[in-house]
Amino acid sequence: MTTSVSYARRLGLFSGTMAVIGGIIGSGIFATPNVVAQRVGTAGLALGTWILGGLIALAGAYCYGELGERMPKAGGQYVYLRDAFGPLTAFLYAWALLLMIATGAAAFVAVTFANYTVALLGLPPGAVMPLAIGAIVLVCAINYVGVAPGAITQNIFTILKLCALAVLIVAGLFLATHTSSALVRPLPPSPAPGGPGAVLLAVGAALVPVLFTYGGWQQTNFLAEEMIEPERNLPRALLLGVVVVIAVYLLANIAYLRVLGSAGLAATRAPAAEVMERVLGPGGRVVISAGIALSAFGFLDLVVLVTPRVFQAMAADGVFFQQIARLHPTYRTPGAAIVVLGGWAILLALTKTYGPLTDYVVFADWIFFGAAVATLFVYRRRERAAGAAAPLRFRAPGYPIVPALFVLAALAAVASSVRQNPGNAAKGAGLLLLGVPVFFAWRRRRPV
């Protein structure tokens, strides 16, 4: 089953690149570098871990670039999994997105935006939840009336969050004085892990938050059907966006380390705010807090912009409410899917269950990343069996090594996440497997 109407293609290379950057840069880069420093103990290993995570993200972007050209359809990862591994695998991915991953992320970043905004404006604590719900409603309304308003909003907030990071980088690299710079006034060094085995384990543990902070580039593939010339622009947007983020993340971490040192970075819970306050005083903390609020709002817009396309594709396959498969006759957006996502995100925010749910399934996200890249092996094998290669302008370089390494990295991230909290992983696996009977129930309902 397919939809009877088509999307309006309005996203060019610039908007696609902004979506990649906006999908990756959330609030993670403002918070997780201290966790990485704690786990590896030295500045060199910390920067090396961020470089390694960036290379893994770039490998994934290369693979998704080829997948996007092969299957430039709305739903992205859902479509690849369905075509290569069958409808059940694809449904479980969409089920996890709907139940926990995307909706939980939307609730989390909405509350993050509200918390920072309330603090900045001096509002009472009781304003947090109304502001978070208002942000979700506003973003859903913007994306309901067209992909262009949603993309424009995404472009604006992506530029603003890049500006906030630029201020942080300039402050840490060029404005830090002898009174604030840890390179001039070093803090006590953190102990480095002993021996190659210990170093490998430390880097592996630190790589988990790094990979999650780099995550999000894959979401642009959800919008493939709404891009202008997706076969050409989607691979370019993925590669350009990921390269920009790698450069920004490395510079931000160098700024953290220059001002705080490795021990100071490991000891703080708010590295960005502490750097800005040390260098620019209390006003610096206000500036970066505003940047974090803007970054959270921009990420919320990205989630609402891209994720409903997966639900729409799932409904078009007959395994979700049929109304979700229909596009708005005027706006050409999956309006019903946007309403479902927004409504569930609001419910998670009100019940404050988004935190535990997201913790339960954080490992599942990388299971599906690895599975999606593994579909390249299926497509290439089909080409060999057919005796003819698909006429693609872009192919993932280094095949089969590059996709194989990405799949291994995804499995390592999953294993590390499970090892750190097996209880949450067990609960998440249970919630994921709950989708199996739901899938077959929908299949029985589908008309023949």
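About the criteria used
In this numbering scheme, every chain counts its residues from 1 along its sequence in written order. Under the rules for a predicted model, residues below a pLDDT of 70 receive no local features and side-chain atom pairs below 80 are neither given nor counted, while totals for whole chains, interfaces and linings still include all residues. For side-chain calculations, the full set of non-hydrogen atoms in the structure is used, while hydrogens and water are omitted. Helical segments are the DSSP runs of H or I of at least four residues, strand segments are the runs of E of at least two, and each set is numbered from the N terminus. When we talk radius of gyration, it's over C-alpha atoms, and the globule rule is simply 2.2 Å times the number of residues to the 0.38. Only protein chains enter the accessibility calculation, which uses a 1.4 Å probe; a residue is then buried when its area is under 20% of its type maximum, exposed when over 50%, and partly exposed in between. Contacts were defined at the residue level, with two residues in contact if any of their heavy atoms lie within 4.5 Å. Where accessible areas are quoted, they stem from the Shrake-Rupley method and a 1.4 Å probe; at the residue level, only the protein chains shown are allowed to cover. Counted as positive: Lys and Arg. Counted as negative: Asp and Glu, with His and the chain ends omitted from the count. A charged residue contributes its charge at one atom only: NZ of Lys, CZ of Arg, CG of Asp or CD of Glu. Only buried Ala, Val, Leu, Ile, Met, Phe, Trp, Tyr and Cys residues count toward a nonpolar core, and they belong to the same one when joined by side-chain atoms within 4.5 Å. Ring pairs shown here join Phe, Tyr and Trp side chains whose ring centres sit within 6.5 Å, with only the six-membered ring taken for Trp; geometry is labelled stacked below 30 degrees between planes, edge-to-face above 60, and tilted in between. For a ring to carry a charge above it, either NZ of a lysine or CZ of an arginine must fall within 6 Å of the ring centroid while also lying within 35 degrees of the normal to the ring plane. For every element, the axis is a line fit to its C-alpha atoms; helices are fit only across the contacting stretch, and the angle between N-to-C directions ranges from 0 to 180 degrees. Relative orientations are named as follows: roughly parallel for angles under 35 degrees, roughly antiparallel for angles over 145 degrees, roughly perpendicular for angles from 65 to 115 degrees, and oblique for any other angle. Residues are sorted three ways: Asp, Glu, Lys and Arg are charged, Ala, Val, Leu, Ile, Met, Phe, Trp, Tyr, Cys and Pro are nonpolar, and all the rest, Gly among them, are polar. Within this document, salt bridges are pairs made up of a side-chain nitrogen of Lys or Arg and a carboxyl oxygen of Asp or Glu, the two lying within 4 Å of each other. A crossing counts as left-handed when the near helix is turned anticlockwise from the far one by less than a right angle, and as right-handed when that turn is clockwise.

Engineer: Would you mind showing me how to read the overall build of the protein here?
Structural biologist: Of the regular secondary structure elements, the protein holds 17 helices and 0 strands. In terms of overall size, the protein behaves like a compact globule, its C-alpha atoms giving a radius of gyration of 22 Å where 448 residues would be expected to give roughly 22 Å. Each principal axis of the C-alpha atoms in the protein carries an extent, and together these give about 70 × 50 × 40 Å. Per-residue burial over the protein gives 57% buried out of 448 residues. For the protein, the proportion of contacts with a sequence separation of at least 24, taken over those separated by at least 6, is 83%. On the protein, roughly 17300 Å² of surface is accessible, and the fraction owed to carbon and sulfur atoms is 70%. Seen as two clouds, the 30 positive and the 14 negative side-chain charges of the protein have centres 4 Å apart.

Engineer: Honestly, helix α10 (residues 271–280) in this entry has me stumped. Any pointers?
Structural biologist: The periodicity of an α-helix, 3.6 residues per turn, causes residues three or four places apart in sequence to face the same way. Regarding α10, the residues found buried are P271, A272, A273, V275, M276 and V279. Buried residues along α10 sit against α7 (147–175), α9 (230–267) and α11 (282–306). Just downstream of α10 lies G281, where phi reads positive at about 85°.

Engineer: Explain the nonpolar core to me, please; I cannot follow it from the model alone.
Structural biologist: A general trend in soluble globular proteins is that nonpolar side chains are found buried together. Ranked by size, the top nonpolar core spans 153 residues in total, and within it Y78, L168, V242, Y249, L300 and F311 carry the most contacts. Excluding anything up to four places from it in sequence, Y78 contacts A90, F91, Y93, A94, V310, A313, M314, D317 and V319.

Engineer: How do you make sense of the packing of aromatic side chains when you look at a structure like this?
Structural biologist: Aromatic ring pairs are reported here in terms of the distance separating the ring centres and the angle at which the planes meet. Overall, the coordinates contain 22 aromatic pairs when judged by the stated rule. Look at F439 and F440: their rings are 5.1 Å apart centre to centre, the planes differ by 75°, and that puts the pair in the edge-to-face class. Its relative accessible area of 41% is what places F440 among the partly exposed residues. What links up through ring pairs into an aromatic cluster is the set Y64, Y80, F212, W217, W366, F369 and F406. One cation-aromatic arrangement involves R380 over Y399; the distance from NZ or CZ to the ring centre is 4.0 Å.

Engineer: I tried to follow the packing of helix α8 (residues 195–214) against helix α15 (residues 401–420) on my own but got confused; where do I start?
Structural biologist: Two quantities define a packed helix pair, namely the angle between the axes and the distance from one axis to the other. Between α8 and α15, the shortest axis-to-axis distance is 9 Å and the interhelical angle comes to 105°. Here α8 is positioned roughly perpendicular relative to α15, judged by the angle of their axes. Counting all contacts with α8, which are made through G204, A205, V208 and L211, the residues of α15 involved are A409, A413, S416, S417 and Q420. Tallied by class, residues from the contact of α8 with α15 come to 5 nonpolar, 4 polar and no charged.

Engineer: Any chance you could explain unusual backbone geometry here in plain terms?
Structural biologist: With the exception of glycine, most residues fall at negative phi, and the peptide bonds are largely trans. The residue after Y399, namely P400, is reached through a cis peptide bond having omega 5°. Structurally, P400 can be placed in the loop between α14 (354–386) and α15. Positioned with a positive phi, E229 is a non-glycine residue whose angle comes to about 50°. Along the polypeptide, E229 turns up in the loop between α8 and α9.

Engineer: Teacher, can you tell me more about the side chain of K161 here?
Structural biologist: One can find K161 in helix α7. Buried charge without a partner: K161 forms no salt bridge, and the closest opposite charge is D301, 8.8 Å away. If we ignore the near neighbours within four places in the chain, the residues touching K161 are G22, I25, S295, G298 and F299.

Engineer: I tried to follow the environment of V36 on my own but got confused; where do I start?
Structural biologist: Positionally, V36 belongs in helix α2 (residues 33–40). A residue is classified by how much of its surface remains accessible, and V36, at 0% relative accessible area, is buried. For the pair V36 and L121, spaced 85 residues apart in sequence, the C-alpha separation works out to 31 Å. Beyond its immediate stretch of four places on either side in the chain, V36 contacts A46, T49, W50, A206, P209 and V210.

Engineer: Please explain the packing of α7 against α9 as it appears in this structure.
Structural biologist: Direction vectors running N to C along α7 and α9 enclose 40°, while the axes themselves pass 8 Å from each other. When the axis of α7 is compared with that of α9, the two are oblique. Between α7 and α9 the crossing geometry is left-handed. Where α7 abuts α9, its residues L162, L165, L168, I169, G172 and L173 lie against V248, L251, A252, I254, A255, Y256, R258 and V259. Considering only residue class, the contact of α7 with α9 consists of 12 nonpolar, 1 polar and 1 charged.

Engineer: How do you make sense of the pattern of salt bridges when you look at a structure like this?
Structural biologist: Two side chains that carry opposite charge are able to pair once their charged atoms sit near each other. Per the counting criterion, the structure on display carries 9 salt bridges. For D83, the salt bridge identified is with R382, shortest N-O distance 3.1 Å. You can see D83 sitting in helix α4 (residues 77–85) and its partner R382 sitting in helix α14, a full 299 residues away along the chain. On the basis of relative accessibility, which here comes to 31%, the residue D83 falls in the partly exposed class. For E274, the salt bridge goes to R278, with nearest N and O atoms at 3.3 Å.

Engineer: Teacher, can you tell me more about the environment of P149 here?
Structural biologist: Here P149 is to be found in helix α7. Given a relative accessible area of 29%, P149 falls into the partly exposed group. Residues P149 and V139 lie 10 residues apart in sequence; the distance between their C-alpha atoms is 9.9 Å.

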